[in-house]
Amino acid sequence: MRSFSESTRQQALAYLELYPKKEAALLPVLHLAQKEFGFIDDDAEVAVAELMGISPISVREVSNFYFMYHHHPIGKYHFQVCHNISCSIMGAETILGHLKKRWGIGNGERTADGRFSIERVECLACCDRGPALLVNQTLHTDLTPEKIDEIIETLR
Amino acid sequence: MLELTINDRVVQVPDGLNVLQAAKHVGVEIPHFCYHPGLSVAGSCRMCQVEIEQGGRKRIDLSCSNAAVDGMIVRTNTPAVVKAVKGVLEFLLMNHPIDCPICDDAGECKLQNYYMLHGLYDSRLNVEKWHKPKVHPVGPTVVLDCERCVLCSRCVRFCDEIWGERQLGIFGHGSNEKLINYPGRELDNPYSGNVVDLCPVGALLDKDFRFQRRVWYLKSVKSICPLCSRGCNIYLHYDVDHDYQRPGRRIQRIKPRVNPDVNRWWICDRGRYGYSFIDAATRTKTPRLLGKDADWNYALQKAAELITTTQKQHGPGSISALIAPTASNEDAFMALRLFRERLNIPQISSDIPSSEKLTADQLLLTDDPYSNRRGFQDLGLGPADGGMNAEEIINAVKAGQIKGLIVVGTDLESLVGKQVESITGKLDWLIVGASQENQLWNRATVGLPLAVYAEYPGTFTNVKGMVQKFEKAVEPLGQALPQWQVWHKLAGHLGADWRFDDARAVFKALSAGKPDYESLNWHATFGVDKGCYPDNW
Ligand code: SF4
Ligand code: SF4
Ligand code: FES
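Predicted model, so just to flag it, every value in this text is computed and none were measured.

A short note on the domain arrangement of chain B
Residues and elements named next belong to chain B.
Right, on to step 1. Segmentation of chain B into domains returns domain 1 (2–94), domain 2 (126–211) and domain 3 (288–521).
Right, on to step 2. For domain 2 and domain 3, the distance between their C-alpha centroids amounts to 44 Å.
Right, on to step 3. The interface is formed by 4 residues belonging to domain 2 together with 5 residues belonging to domain 3.
Right, on to step 4. It is Ile-162, Trp-163 and Tyr-191 in domain 2 that bury the most area against domain 3; as a group they hold 96% of the surface buried on that side.
Right, on to step 5. Applying the counting criterion to the domain 2 and domain 3 interface returns 0 salt bridges.
Right, on to step 6. The interface formed by domain 2 and domain 3 includes 4 residue pairs in polar contact (both at pLDDT 80 or more).
Right, on to step 7. When the residues that make up the side of domain 2 that touches domain 3 are grouped by side-chain class, the tally is 4 nonpolar, no polar and no charged.

Take a look at the structure:
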């Protein structure tokens, strides 16, 4: 069972006040939960459901729909690789393949030391500079395997 | 009323309909998956697109979520509409497993029907389809095939809006999106079977109908559920010609029949799945005399002799009858005519406690497992009609005041438990009418095998006083007879000359002077349906 810290709770309740229907606050509340717990697992869904007074099924329907919510612990550095059309044309699969090979993990997985994780995501709005990738909140564009290695070096 | 143009036809429809309903009202079917009149509008499947022209402007829009408006021009068959619908269909079929040959829904599947209507193309997909759980036990009564699901959310909305508890959800994203139960929860509400009717494809199927019959072999009659006093309107689907699966199973399934005043589109699982008694091995099939098979004439002759002798020796009050209000109005009428009017038996009771305790719920189920208590009451066999109740009659038997007892449709367990000797020991004779062998059957002096509701036409009066007719699906098993016919014949053996040719004649006699009964048009609801499921939305 997970529970929110008091400050997060207050923040979430404040979100609920902003909308005519409480369900509308689900996205921001899920983001809060993700920030607090690191990822959204079953328990986090239940905690959100209880806090909002809605069914955990409704929470899961939403949290499962958006790739921005993680359902497993992610790495300290979370690599989100765009695989939409432009990036795919420009070699997104090569970028993904490079990361997978380098760390020996698959999409949605995390390295054993907990430092890195990979996720294939939808459009990052950089179609003109693909392939593109988000490392946590930092955007990297026009990627090549070499450029990726350089980025990873800086993260040591 | 409002006036609109549908496919170049000017039509009038009632107010308050959406375009899809308005079109259906005038016989134009618009393909749809997610829309159902009993549920909220989801507008998610995009299958119901039509061209709507208003104020000189045309658009392609959803017919389920646009109200029909005066002066609207609707076209369901323009090239643009057909193209849009085809496109939706192609997406839905993209990852569909197309396992129609082994799918119970084949023949009544919307996806299949719409493919025949609009598809008829080869798949353009040249990569492996997505795979999802198949044969997933989503609950105790229903099995789920996630690959067949078209994500219309009807089942989700049913649990949510009609039963009032979320049990199913649609999880995931894109091609991997799937409808399934939430981990740790099941589709186990007491109305779960309705999702099978609602599911437009073969994703949710009845476990108890799985691989039993191809649906096009089913015949259907209109009937009334006999399992509580609500009297939900149902179809009995039966087939006696293809019994390779479970020989002896004649009734294949029960489906709700729409009645806005009783059950709307729904029935409970008790009613839906509780039909096995009809074809049970424990059915009584032959009249019995002192524990041995006998023929009807002989058994009834004996019964008549017992009744006459006892009444002569000990007076009319030495006999009593207990008749469970599960029987039809015709049955009750004939019983009363014989026992009360002809034989002057003073103590006749239908006020028999049920051994089964029901708890009413918020939807349909009542707390009364007897289907026709109200009808018995209307005919003068209710608890308030004077005389002793069942318990008092049993006490009178135990006290030796009653010498002969007629018991119909109950095994008396709720009154005497398993201590049948406590009454049989005190009686000169016991006449038992039953459709199932029970603890009284083999101890009866005379045993009368009775047909069940699926085997003869008749009427029940539900808890609200509505007189409703049920039709005959199959023949009575063995030599069993409808209860009213048994009393009719017995009356003959007792010297009466009654001429009731059929249930309708009995109904006519019993409804005389009762407006609620007289207003029922006996023929209006009659007839065997070939198509298996006419209320399919
Ligand atoms: S299982 Fe059937 S009713 Fe439920 S969402 Fe899928 S297609 Fe619709
Ligand atoms: S609510 Fe009663 S009448 Fe209706 S289906 Fe259930 S048992 Fe039958
Ligand atoms: S029926 Fe209109 S969108 Fe599904």
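That shown, we press on.
Remarks on the domain arrangement of chain A
Reports often express the size of an interface as the amount of accessible area lost when the parts come together.
Right, on to step 1. Per the domain assignment, the segments of chain A are domain 1 (6–65) and domain 2 (77–155).
Right, on to step 2. For domain 1 of chain A versus domain 2 of chain A, the separation of C-alpha centres amounts to 28 Å.

Observations regarding the site of ligand 1
Right, on to step 1. Looking at ligand 1, the residues that line it are Cys149(B), Val150(B), Leu151(B), Cys152(B), Ser153(B), Cys155(B), Leu179(B), Cys199(B), Pro200(B), Val201(B), Ala203(B) and Leu204(B).
Right, on to step 2. Looking at the shell around ligand 1, its residues break down into 11 nonpolar, 1 polar and no charged.

Concerning the sheet that holds strand 11 (residues 233–238) of chain B
Residues and elements named next belong to chain B.
Right, on to step 1. Taken in spatial order, the 3 strands of this open sheet run 10-11-12, and their pairing is antiparallel. The open sheet is flanked by strand 10 (219–224) and strand 12 (251–256), the only strands paired with a single partner. When strand polarity is set aside, the average angle formed by the axes of neighbouring strands in this sheet is 30°.
Right, on to step 2. Where strand 10 and strand 11 come together, 6 bridges link them in antiparallel fashion. The residue of strand 11 that forms the bridge with Ser-220 is His-237.

With respect to the sheet that holds strand 19 (residues 446–449) of chain B
Residues and elements named next belong to chain B.
Right, on to step 1. If you walk across this open sheet you meet the 7 strands as 14-13-19-18-17-15-16, and the pairing is mixed. The open sheet terminates on both sides in strands that have one partner only, identified here as strand 14 (292–293) and strand 16 (347–349).
Right, on to step 2. Two elements, strand 18 (residues 429–434) and strand 19, share 4 bridges in a ladder whose sense is parallel. For Val-432, the partnering residue across the bridge sits in strand 19 and is Gly-447.

Some remarks on the packing of helix 6 (residues 92–103) of chain A against helix 7 (residues 145–154) of chain A
All names here are of chain A.
Right, on to step 1. Remark: helix 6 packs on helix 7, axes separated minimally by 10 Å, with the N-to-C direction vectors making an angle of 50°. Taken together, helix 6 and helix 7 sit at an angle that is classed as oblique. As helix 6 runs across helix 7, the sense of the crossing is right-handed. Across from Thr-94, Ile-95, His-98, Leu-99, Arg-102 and Trp-103 in helix 6, the residues of helix 7 making contact are Pro-145, Ile-148, Asp-149, Ile-152 and Glu-153.

Focus on helix 3 (residues 42–52) of chain A
All names here are of chain A.
Right, on to step 1. Looking at helix 3, one finds that the buried residues are Ala-44, Glu-45, Ala-47, Val-48, Ala-49, Leu-51 and Met-52.
Right, on to step 2. The secondary structure elements touched by the buried residues of helix 3 are helix 1 (6–17), helix 2 (26–37) and helix 4 (56–65).
Right, on to step 3. Positive phi appears at Gly-53, one or two residues downstream of helix 3, with a value of about 70°.

Thoughts on the interface of chain A and chain B
Right, on to step 1. With 13 residues of chain A in contact, the opposing surface of chain B contributes 12 residues.
Right, on to step 2. Roughly 1100 Å² is buried in total at the junction of chain A and chain B, and carbon and sulfur atoms are behind 60% of that figure.
Right, on to step 3. Run the count over chain A and chain B and you get 1 salt bridge.
Right, on to step 4. A salt bridge links Glu61(A) to Arg166(B), with the nearest nitrogen and oxygen atoms 3.2 Å apart.
Right, on to step 5. Summed over the shared surface of chain A and chain B, the number is 4 residue pairs in polar contact (both at pLDDT 80 or more).
Right, on to step 6. Listing elements by their share of the side of chain A that touches chain B, those giving two or more residues are helix 3 and helix 4 of chain A.
Right, on to step 7. With 7 residues, the single largest contributor to the side of chain A that touches chain B is helix 4 of chain A.
Right, on to step 8. Split by residue class, the side of chain A that touches chain B holds 6 nonpolar, 3 polar and 4 charged.

Focus on a nonpolar patch on the surface
Right, on to step 1. Taken together, the side chains of Leu27(A), Phe65(A), Tyr66(A) and Met68(A) define a hydrophobic patch exposed on the protein surface, amounting to about 330 Å² of accessible area.
Right, on to step 2. Here Met68(A) shows up in the loop between helix 4 and strand 1 (77–82).

Some details on the packing of aromatic side chains
To describe a pair of aromatic rings, you give the distance between the ring centres and the angle between the ring planes.
Right, on to step 1. Evaluation of the coordinates by the stated rule reveals 20 aromatic pairs over all chains.
Right, on to step 2. Consider the rings of Phe4(A) and Phe37(A), whose centres lie 5.1 Å apart with planes at 40°: the pair is tilted. With a gap of 33 residues between them, Phe4(A) in the segment before helix 1 and Phe37(A) in helix 2 connect regions that are remote in the sequence.
Right, on to step 3. When its relative accessible area of 12% is taken as the criterion, Phe4(A) is described as buried.
Right, on to step 4. Of the residues examined, Phe37(A) reaches a relative accessible area of 13% and is grouped as buried.
Right, on to step 5. Ring geometry for Tyr456(B) versus Phe470(B): centroids 6.2 Å apart, planes at 80°, classification edge-to-face.

Cut-offs and rules
- Residues numbered from 1 in each chain as written.
- Chains lettered and ligands numbered in written order.
- Predicted model: local features only at pLDDT ≥ 70, side-chain atom pairs only at ≥ 80, totals over all residues.
- Heavy atoms only, no water.
- Domains from an automatic or database assignment.
- Contact = heavy atoms within 4.5 Å.
- Buried area = accessible area lost by both parts, 1.4 Å probe.
- Salt bridge = Lys/Arg side-chain N within 4 Å of Asp/Glu carboxyl O.
- Polar contact = N/O pair within 3.5 Å; in protein donor to acceptor, adjacent residues only side chain to side chain.
- Nonpolar A, V, L, I, M, F, W, Y, C, P; charged D, E, K, R; others polar.
- Near = heavy atom within 4 Å.
- Pairing = 2+ DSSP bridges.
- Helix = DSSP H or I, 4+ residues; strand = E, 2+ residues; numbered from the N terminus.
- Axes fitted to C-alpha atoms, helices over the stretch in contact; angles between N-to-C directions.
- Parallel < 35°, antiparallel > 145°, perpendicular 65-115°, else oblique.
- Left-handed = near helix turned anticlockwise from the far one by under 90°.
- Buried < 20%, exposed > 50% of the residue type's maximum accessible area, 1.4 Å probe, protein only.
- Patch = residues over 30% accessible without salt bridge, like charges linked within 9 Å, V, L, I, M, F, W, Y side chains within 5 Å.
- Areas by Shrake-Rupley, 256 points an atom, 1.4 Å probe, with all protein chains shown as cover.
- Phe/Tyr/Trp six-rings, centres within 6.5 Å; stacked < 30°, edge-to-face > 60°.

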